[in-house]
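One letter stands for each residue in the lines below.
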Amino acid sequence: MNKKNQELVTGDLMKDVASLCKQRGFVFQSSEIYGGLKSAYDYGPLGIELKRNIMNEWWRAMVYEREDVVGLDASIIMHQNVWHASGHLAGFSDPLVDCLISKERFRADKAPRPEPGQELPLECGDKGKAKTYQAMIQERFGVELKRTGKTLVGLKVIDAETIGFFPEDSEEASETFPYRGYVSPLIGSPFLSEERKFNLMFRTSLGPVDPIGEIVEKIHGQNLSREELTNAIEEKINESAVYLRPETAQAMFVQFQNIQRSLSMKVPFGIAQMGKSFRNEVTVEHFIFRSCEFEQMEMEFFVEPGTQKEWLKYWCEQRLSWYQKYMNSPEDVMLRQHDPDELAHYADDCYDVEYKYPWGWDELEGIASRTDYDLKKHAEHSGTSMTYIDNSKPDPEKGKPPYRYTPYVVEPAAGATRTVLMILLDAFRYEEKPRASAKGEVEKRRYLKLHPRLAPYKVAVLPLVKKDGMPEKARELVQKFFNAGINARYDEQNAIGKRYARHDEIGTPFCLTVDGDTLNDGTVTIRDRDTTEQERVPIEEAFGEIQRRLNS
């Protein structure tokens, strides 16, 4: 492989995909010119097209092709009592800890837990950090760990509450320190802060008056204890507090009665919603897999109590097959049933659609049987009935109609941004058969084997040269695609080979080339992205041929 192609692949799939995303305009780091914000990403011209195509396909499958599901686009900001009823305000928080060495902040309940007798090597990332961390530990804790490359050694777990520093070649600890039972995930450090509660919801205030001034007025001149001061501030903030939604689901529960009655929907039926959600995530990792701002594709399917198991099975099958339809490697997604100790308190069963990411199997979508918990909670807190009346069925207890009940809910909840990452990982590849370059070297072709319905551009139209009437012919062809609602791209920059390579890398399934023969015999070349094969067709048939291939 020549030097240029070596630069295209590192052997680390995530790095290769992230690099391609930036180079070709799929995903950029947010606020990059100011150093970036690691928890936020911007979707560039091609990224937004890919994401919208995925979301449109989801909406088509979940709403347009069904009679029993309707849509909703709810406000991101909702009444704070919604979050009291759902339990988010009371329980949507995690115990957080700071590593005193690397400054990493992490969830205590997800941290590695070395057992007594285990050594605690600190993996520092590089030699420079190892040297810095070594000096910090020596200054703050009075022990000098041995530095071996980027690793610091000398610590060991003594028992459930104690770690020790063991000098080289010594079996006795010269110093001991309290052990919390876990270490930081990033470097494995046992030197940690106290646990603190951290709310995963973003809080802001609604109204033109800044609450800070009112807080100052309330506490000015008062001699308050720390607890009294905290409570006074919290009380004043909560008067105007609102939250950015951490999920789209709650709006569908809150609007259940309005939608059911306004459209005379009969159970079973569903409400679907796509949109942004926000979680003040502590750990943002794996590129766009987990971030503070993300998009969801959720549907709440309301069913008669007692039928939830069959509907859960149905939606598991439907959702798994939906992903597989757009994948090159459908064996890389599977269903995993939650263990009993994994289930949320409101669920009686749950499955995850998992994808085989480079770091292992991880969640792509959750499909939960949420029972009647949500509707009953909102009925309780709002005083509004959430019962459904079926006049055609007898009440099981009374033996005659109507049958009044609170519906159970089956919820397929997918992440649009996670699906973008999965589709990119599944599509990213190098051509398996090397081809000889002009210089006789062996090179490989990097490309995205995207499903045509998901590809940002469906077809690129390329004049061979920028003269002799070829651009005009090409633009006429592009306009036909525009008029038909097909996203096409006119491209005349660089040599034709570079243009082919560029469109291979962004996943354009077909390229139409207008050349000298087009002007003579009225034919154009269709090039297939996956096979690189080319064939000539009459220009008047090119539009229909591309449509046929896209539909097939």
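**Student:** Give a detailed account of the overall build of the protein, specifying residues and quantitative values.
**Tutor:** Regarding its fold elements, the protein presents 17 helices and 32 strands. With the C-alpha coordinates of the protein rotated into their principal frame, the extents come out at 90 × 80 × 50 Å. Within the protein, residue pairs in contact and separated by at least 24 positions form 63% of the contacts whose partners lie at least 6 positions apart. Accessible surface, the protein as shown: approximately 28,400 Å² in total, 48% of it carbon and sulfur. Here the protein contributes 74 positively and 89 negatively charged side chains, and the mean placements of these two sets differ by 4 Å.

**Student:** Quick one: what's the story with the confidence of the model for the protein, residue by residue and with numbers?
**Tutor:** Residue-level pLDDT values for the protein average 90, and 95% of them are 70 or greater. Predicted confidence is poor over residues 1-8, with pLDDT under 50, and the contacts of this stretch with residues over four places away or in other chains come to 13 contacts.

**Student:** Got a sec to walk through the sheet that holds strand β7 (residues 122-123)? Specific residues and values, please.
**Tutor:** Here 3 strands make up an open sheet; going across it, the order is β7-β9-β8 and the pairing antiparallel. Among the strands making up the open sheet, the edge pair consists of β7 and β8 (146-148). With 3 bridges connecting them, β8 and strand β9 (residues 151-153) associate as antiparallel partners. Bridge assignment links lysine 146 to a residue of β9, and that residue is valine 153.

**Student:** Break down the packing of helix α3 (residues 45-64) against helix α11 (residues 308-325) for me, with residues and values.
**Tutor:** When two helices pack together, you describe them by how their axes are tilted relative to each other and by the distance separating the axes. Contact pair α3 / α11: the axes reach a minimum separation of 12 Å and the direction vectors enclose 145°. Here α3 runs over α11; the crossing is right-handed. Only Trp315, Arg319 and Trp322 of α11 make contact with α3, whose side of the interface consists of Ile54, Glu57, Trp58, Ala61 and Met62. A breakdown of the residues in the contact of α3 with α11 according to their chemical character gives 6 nonpolar, no polar and 2 charged.

**Student:** So what about the sheet that holds strand β10 (residues 155-159)? Which residues, and what values?
**Tutor:** The 3 strands lie next to each other as β10-β11-β12, forming an open sheet whose pairing is antiparallel. Only two strands of the sheet have a single neighbouring strand rather than two, namely β10 and β12 (175-178). With direction set aside, neighbouring strand axes in the sheet form an average angle of 35°. Of the strand pairs in this sheet, strand β11 (residues 162-165) and β12 are connected by 4 bridges, and their pairing is antiparallel. Looking across to β12, one finds that phenylalanine 165 is bridged to glutamate 175.

**Student:** Describe the nonpolar core, with residues and values.
**Tutor:** Formed by 59 residues in total, the largest nonpolar core has its most connected members in Phe26 and Leu50. Residue contributions to this core peak at 9 residues, all from α3. With residues near it in sequence (within four places) discarded, leucine 50 still touches Phe26, Val420, Ile423, Leu424, Leu450, Leu454 and Pro456. In terms of nonpolar packing, the next biggest core, distinct from the first, is built from 27 residues, Val82, Tyr243, Phe256 and Val409 among them.

**Student:** How would you sum up the pattern of salt bridges? Please name residues and give values.
**Tutor:** Counted under the stated rule, the structure contains 29 salt bridges. Of the charged contacts, one joins glutamate 535 and arginine 549 as a salt bridge, the two residues approaching to 2.5 Å between their closest N and O atoms. Of this pair, glutamate 535 sits in strand β32 (residues 534-538) while arginine 549 is found in helix α17 (residues 539-551), placing the two residues 14 residues apart along the sequence. Overall, the relative accessible area of 39% leaves glutamate 535 in the partly exposed class.

**Student:** Requested: an account of the packing of helix α7 (residues 211-219) against helix α8 (residues 226-238), with residues and values cited.
**Tutor:** Their axes nearest at 10 Å, the elements α7 and α8 cross at an angle of 140°. When the axis of α7 is compared with that of α8, the two are oblique. Remark: the crossing between α7 and α8 carries right-handed chirality. Contacts between α7 and α8 involve Glu214, Ile215, Lys218 and Ile219 from the first element and Leu229, Ala232, Ile233, Glu235, Lys236 and Ile237 from the second.

**Student:** Can you tell me about unusual backbone geometry, naming the residues and giving the values?
**Tutor:** A negative phi holds for most residues other than glycine; trans holds for most peptide bonds. Residue proline 268 is reached from valine 267 by a cis peptide bond, and omega for that bond is 5°. By the element assignment, proline 268 lies in the loop between α10 (256-262) and β16 (269-278). Within the chain, aspartate 468 stands out as a residue other than glycine whose phi angle is a positive 60°.

**Student:** Describe the environment of leucine 421, and please don't skip the residues or the numbers.
**Tutor:** Position of leucine 421 among the secondary structure elements: in helix α13 (residues 416-427). Look at leucine 421 and you get buried, because its relative accessible area is 0%. In this structure the C-alpha to C-alpha distance between leucine 421 and methionine 297, which are 124 residues apart in sequence, comes to 15 Å. Those residues in contact with leucine 421, other than ones at most four positions away along the chain, are Met14, His286, Phe287, Ile288, Phe289, Tyr357 and Trp359.

**Student:** Lay out α13 with the relevant residues and their values.
**Tutor:** The end-to-end C-alpha separation of α13 is 16 Å, in line with the 16 Å expected for 12 residues at 1.5 Å each. When you tally the buried positions in α13, you get 12 out of 12 residues, the bulk of the element. Listing the buried residues of α13 in full gives Ala416, Thr417, Arg418, Thr419, Val420, Leu421, Met422, Ile423, Leu424, Leu425, Asp426 and Ala427.

**Student:** Pulling in residues and values, what's your account of the side chain of glutamine 80?
**Tutor:** One can find glutamine 80 in helix α4 (residues 80-86). In contact with glutamine 80, not counting residues within four places along its chain, are Leu89, Asn238, Ala241 and Tyr243.

**Student:** Describe in detail the pairing of β16, supporting the description with residues and values.
**Tutor:** The buried count for β16 comes to 8 of 10 residues, which makes it a mostly enclosed element. In this sheet, β16 lies alongside strand β3 (residues 69-71) in parallel orientation, the contact comprising 3 bridges. Across the sheet, residue glycine 71 finds its bridge partner in β16, namely alanine 272. Direction of pairing for β16 relative to strand β17 (residues 293-303): antiparallel, over a ladder of 10 bridges. Looking across to β17, one finds that methionine 274 is bridged to methionine 297.

**Student:** An account of the pairing of strand β31 (residues 523-528) is needed here, citing residue identities and associated values.
**Tutor:** Counting buried residues along β31, 6 of its 6 residues qualify, which places the element largely inside the surrounding structure. Going residue by residue along β31, you find Thr523, Thr525 and Arg527 tucked away on one face and Val524, Ile526 and Asp528 tucked away on the opposite face as well. By the bridge criterion, 5 bridges tie β31 to β32 in an arrangement that is antiparallel. By the bridge assignment for β32, arginine 527 is matched with glutamine 534. Linking two consecutive strands that pair antiparallel, namely β31 and β32, is a turn of 5 residues; a positive phi of about 65° is found at threonine 532 within it.

**Student:** Provide a residue-level description of the side chain of threonine 406, including the pertinent values.
**Tutor:** As for its placement among the helices and strands, threonine 406 is situated in the loop between β22 (403-405) and β23 (408-415). Given a relative accessible area of 14%, threonine 406 falls into the buried group.

Procedures and definitions
- Residues numbered from 1 in each chain as written.
- Predicted model: local features only at pLDDT ≥ 70, side-chain atom pairs only at ≥ 80, totals over all residues.
- Heavy atoms only, no water.
- Helix = DSSP H or I, 4+ residues; strand = E, 2+ residues; numbered from the N terminus.
- Contact = heavy atoms within 4.5 Å.
- Areas by Shrake-Rupley, 256 points an atom, 1.4 Å probe, with all protein chains shown as cover.
- Lys, Arg positive; Asp, Glu negative; His and termini not counted.
- Charge placed at Lys NZ, Arg CZ, Asp CG, Glu CD.
- pLDDT = per-residue confidence, 0-100.
- Pairing = 2+ DSSP bridges.
- Axes fitted to C-alpha atoms, helices over the stretch in contact; angles between N-to-C directions.
- Left-handed = near helix turned anticlockwise from the far one by under 90°.
- Nonpolar A, V, L, I, M, F, W, Y, C, P; charged D, E, K, R; others polar.
- Core = buried A, V, L, I, M, F, W, Y, C linked by side-chain atoms within 4.5 Å.
- Buried < 20%, exposed > 50% of the residue type's maximum accessible area, 1.4 Å probe, protein only.
- Salt bridge = Lys/Arg side-chain N within 4 Å of Asp/Glu carboxyl O.
- Parallel < 35°, antiparallel > 145°, perpendicular 65-115°, else oblique.
- Expected span 1.5 Å × (residues − 1).

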